[in-house]
2 protein chains.
Amino acid sequence: MPKGKKGRAAPQRLSELLRVPEGEPVDLAAFDPRATPGGPDAPGGKSAGREATARMGPGLADLQERLYAASTGGDRRRLLLVLQGMDTSGKGGTVKHVIGLFNPSGCRIQAFKAPTAEERNHPFLWRVRKALPHPGEIGIFDRSHYEDVLIARVRELAPRDRLGRRYGQINRFEQSLADDGVTLIKCFLHIGYEEQRRRLLQRLDRPDKHWKFDPSDIDERALWPAYQEAYELALQRCSTAAAPWYVIPADRKWYRNWAISTLLREHLEALDPRYPEAEFDVAECRERLLDEGT
Amino acid sequence: MPKGKKGRAAPQRLSELLRVPEGEPVDLAAFDPRATPGGPDAPGGKSAGREATARMGPGLADLQERLYAASTGGDRRRLLLVLQGMDTSGKGGTVKHVIGLFNPSGCRIQAFKAPTAEERNHPFLWRVRKALPHPGEIGIFDRSHYEDVLIARVRELAPRDRLGRRYGQINRFEQSLADDGVTLIKCFLHIGYEEQRRRLLQRLDRPDKHWKFDPSDIDERALWPAYQEAYELALQRCSTAAAPWYVIPADRKWYRNWAISTLLREHLEALDPRYPEAEFDVAECRERLLDEGT
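Calculation notes
- Residues numbered from 1 in each chain as written.
- Chains lettered and ligands numbered in written order.
- Predicted model: local features only at pLDDT ≥ 70, side-chain atom pairs only at ≥ 80, totals over all residues.
- Heavy atoms only, no water.
- Helix = DSSP H or I, 4+ residues; strand = E, 2+ residues; numbered from the N terminus.
- Rg over C-alpha atoms; globule rule 2.2 N^0.38 Å.
- Buried < 20%, exposed > 50% of the residue type's maximum accessible area, 1.4 Å probe, protein only.
- Contact = heavy atoms within 4.5 Å.
- Areas by Shrake-Rupley, 256 points an atom, 1.4 Å probe, with all protein chains shown as cover.
- Lys, Arg positive; Asp, Glu negative; His and termini not counted.
- Charge placed at Lys NZ, Arg CZ, Asp CG, Glu CD.
- Least-squares fit on C-alpha atoms with pLDDT ≥ 70 in both.
- Salt bridge = Lys/Arg side-chain N within 4 Å of Asp/Glu carboxyl O.
- Pairing = 2+ DSSP bridges.
- Polar contact = N/O pair within 3.5 Å; in protein donor to acceptor, adjacent residues only side chain to side chain.
- Axes fitted to C-alpha atoms, helices over the stretch in contact; angles between N-to-C directions.
- Patch = residues over 30% accessible without salt bridge, like charges linked within 9 Å, V, L, I, M, F, W, Y side chains within 5 Å.
- Parallel < 35°, antiparallel > 145°, perpendicular 65-115°, else oblique.
- Left-handed = near helix turned anticlockwise from the far one by under 90°.
- Nonpolar A, V, L, I, M, F, W, Y, C, P; charged D, E, K, R; others polar.
- Expected span 1.5 Å × (residues − 1).

Asker: How should the overall build of chain A be read in this particular structure?
Answerer: The secondary structure content of chain A amounts to 12 helices and 5 strands. The C-alpha atoms of chain A give a radius of gyration of 21 Å, which matches the 19 Å a tight globule of 294 residues would have. Overall size of chain A, expressed as C-alpha extent along the three principal axes, is 75 × 55 × 45 Å. Counting all 294 residues of chain A, 50% fall into the buried class. Sequence separation of at least 24 residues holds for 80% of the intrachain contacts in chain A that already meet a minimum separation of 6. For chain A, the exposed area adds up to about 14100 Å²; of that, 49% sits on carbon and sulfur atoms. Computing the positive centroid from 47 side-chain charges and the negative centroid from 43, chain A places the two 5 Å apart.

Asker: Would you take a moment to explain the environment of A:Leu263 for this structure?
Answerer: All names here are of chain A. With respect to the secondary-structure elements, Leu-263 resides in helix 11 (residues 253–271). Since its relative accessible area comes to 0%, Leu-263 is described here as buried. Taking the C-alpha atoms as reference points, Leu-263 and Arg-13, separated by 250 residues in sequence, lie 8.6 Å from one another. For Leu-263, the residues in contact, after removing those within four places along its chain, are Leu-14, Ser-15, Ile-185, Cys-187, Tyr-246 and Ile-248.

Asker: Explanation requested: the relation of the copies chain A and chain B in the structure shown.
Answerer: Here the two chain copies are tied together by a rotation about an axis and a shift along that axis. Structural alignment of chain A on chain B gives an RMSD of 0.0 Å, achieved by rotating through 180 degrees and translating 0.0 Å along the axis. Both copies of the chain, as the preceding transformation shows, are related through a two-fold rotation axis. When the interface residues of chain A are mapped onto chain B, 100% of them are again interface residues, pointing to one common binding face.

Asker: How should the pattern of salt bridges be read in this particular structure?
Answerer: When the charged atoms of two side chains with opposite charge come close together, those side chains can pair. Residue and element names in this part refer to chain A. For the structure shown, the criterion picks out 46 salt bridges over all chains. For Glu-195, the salt bridge is made with Arg-198, and the minimal N-O distance between the two is 3.0 Å. Taken together, the residues Glu-195 and Arg-198, both in helix 8 (residues 193–205) and 3 residues apart, mark about one turn of the helix. For Glu-195, a relative accessible area of 7% translates into the label buried.

Asker: For this particular structure, what's the right way to read the pairing of strand 4 (residues 182–190) of chain B?
Answerer: Where a strand is regular, its side chains alternate between the two sheet faces. Residue and element names in this part refer to chain B. Most of strand 4 sits inside the fold, with 9 of its 9 residues counted as buried. One ladder, built from 8 bridges, connects strand 1 (residues 78–85) with strand 4; its direction is parallel. By the bridge assignment, Val-82 is partnered in strand 4 with Lys-186.

Asker: Explain the interface of chain A and chain B to me, please; I cannot follow it from the model alone.
Answerer: Accessible area lost during the coming together of the parts is what is often quoted as the interface size. On the side of chain B, 40 residues touch chain A, which itself brings 40 residues to the contact. Linking chain A with chain B are 8 salt bridges. Between B:Glu292 and A:Arg221 there is a salt bridge, with the nearest N and O atoms lying 2.5 Å from each other. Put simply, chain A and chain B have 8 residue pairs in polar contact (both at pLDDT 80 or more) between them.

Asker: Any chance you could explain the sheet that holds strand 5 (residues 245–249) of chain B here in plain terms?
Answerer: Residues and elements named next belong to chain B. Reading across the sheet, the 5 strands line up as 2-3-1-4-5 and stay open at both edges, with parallel pairing between neighbours. Two strands close off the open sheet at either side, each with one partner strand: strand 2 (107–111) and strand 5. Between one strand axis and the next, the sheet turns by 20 degrees as a mean value, whatever way the strands run. Relative to strand 3 (residues 138–142), strand 2 runs parallel, the two being bridged by 5 bridges. For Ile-109, the partnering residue across the bridge sits in strand 3 and is Ile-140.

Asker: Whenever I open this one, a positive patch on the surface confuses me. Can you help?
Answerer: A contiguous patch of positive charge on the surface is contributed by A:Lys46, A:Arg50, A:Lys96, A:Lys212 and A:Lys253. Along the polypeptide, A:Lys96 turns up in helix 3 (residues 91–97).

Asker: Help me understand the packing of helix 12 (residues 282–291) of chain A against helix 8 (residues 193–205) of chain B in this model?
Answerer: The description of two packed helices rests on the angle between their axes and on the distance between the axes. Where helix 12 of chain A meets helix 8 of chain B, the closest approach of the two axes is 10 Å, and the angle between their N-to-C directions is 165 degrees. Taken together, the axes of helix 12 of chain A and helix 8 of chain B lie roughly antiparallel to each other. With respect to the hand of their crossing, helix 12 of chain A and helix 8 of chain B are arranged in left-handed fashion. Together, A:Val282, A:Cys285, A:Arg286, A:Leu289 and A:Leu290 of helix 12 of chain A and B:Arg197, B:Leu200, B:Leu201, B:Leu204 and B:Asp205 of helix 8 of chain B make up the contact between the two elements. Considered class by class, the residues forming the contact of helix 12 of chain A with helix 8 of chain B number 7 nonpolar, no polar and 3 charged.

Asker: Help me out: how do you make sense of helix 8 of chain A in this one?
Answerer: A rise of 1.5 Å per residue sets the reference length of helix 8 of chain A, with its 13 residues, at 18 Å; its end C-alpha atoms lie 19 Å apart and thus fit the reference within 8%. Taken residue by residue, helix 8 of chain A has A:Glu195, A:Gln196, A:Arg197, A:Arg199, A:Leu200, A:Leu201, A:Arg203 and A:Leu204 as its buried positions. Against the buried residues of helix 8 of chain A lie helix 9 (216–221), helix 10 (224–238) and helix 11 of chain A together with helix 12 (282–291) of chain B.

Asker: Which parts of the structure should I look at to understand the side chain of A:Lys209?
Answerer: Assignment of secondary structure puts A:Lys209 in the loop between helix 8 and helix 9. Here A:Lys209 sits buried without a salt bridge, and the closest side chain of opposite charge, B:Glu65, lies 4.4 Å off (N-O distance). Those residues within four positions of A:Lys209 in sequence are excluded, and the remaining contacts are A:Arg203 and B:Glu65.

Encoded structure:
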């Protein structure tokens, strides 16, 4: 941890704390899904975390407006938040609670389900390219092209060699996005096996949550180790300088929301988008408006 | 106004109060853009109105979740909010403040700008069909196919006879949407000529609002009467039982937000969407989850 003056730890950006280092092997068992690294301190954790997230709202919306305004002046920069994680890990909850802090008109949200017949007839990145954020927007992927190296690997939906080539294809694709002004924030929502059981049982206990449940969710649990391995490989091979992965401990919903809001804030602040200069004569326009009625 | 027991006025739905009656001539001069029909009473108007809108938030989000959940059980119903109005009338503000009350993942927002070359090569409804909400979603159009009988009429962007046919084409299109489960809520945000001047001057006064300003906005003001006439015609010819128009007095932003939130609430309540029944054995799934670890 970097040290500041007088030996005290300098505040570290959460992006550094949670980023998966490029090229290093990833062992998910070493990450505690109940941890709250860098987050509001326990025991006030939950309520302090919720308050801290809510307090970020106006600042995030302001940064978003500046990002969008800049695009009207030709700035091509934009954000793409990629959310991946096992069932019940909180991808939908993140959209509701974190993206809900932004102006909806500047958000382009795409949930990726099992590919349609048409989508299967195209290269796997085809449907992803169509859903990218435009300049000035914040794009949100609820699942993504990573499904094509996750479930596709676990369920052997494609030949091994074709699967193996996809990591490189993804890296080149993401590099091209970064080159075009896209800041990628790829979040793996890391929950524990027991926490998933608890959340699935909760869905069963509430009739108003049954629509979110599918008995095949239980079958998928038998493949938990295979999924963890597939995630480890994806994180290891595709956490690049242009498009790093972040591991978000996600057993605690308040921490997940706080951490992702903070990542968004840090990246938006780093972009530091500016309102464009007026390309018209402000004084003259004011006069025209004031004179027209007389 | 309908009377309840003991001669007291029964509460009237805002949808009835603001709806443009089918087939009757529309005189926009008769509508005061500063009015607050059915709204929280002055003098507490502004703060009471804002509070009332905020209080509707959780209920709206709950209705939206039910609508979305129902779609997973085969219910094709959805909402389409169409926002039209002169520059600065508050279309963007409505998306921010009203649609911001909903879960962003269930909202499909489309802002329609001047048609691209590709769009101009297609019938005018082509780009609109591509942006429709899916079952369970709330669609929001910031401008819409009505531009093709508004600016297109005022600026004579199409031959007269082709323009004249569009009203009928729109009505048949909207009827087909209604037949497919789409509830249309078409809102004309009605601001006054003086209020627009005030808002444009405000944009000029603030450098962080310059990006929203275009000097051509001033030129358009010279065509104000022609636009009002074009709106009157569109409201008159296209306020149908299947897809009524609502005139929203929009000089007061708090009223505009309260009124549109209320229209959405009334329509969602009328739909009364239900969580779908579980199509699986809840008890068996619970047992499987509890047993797997032992």
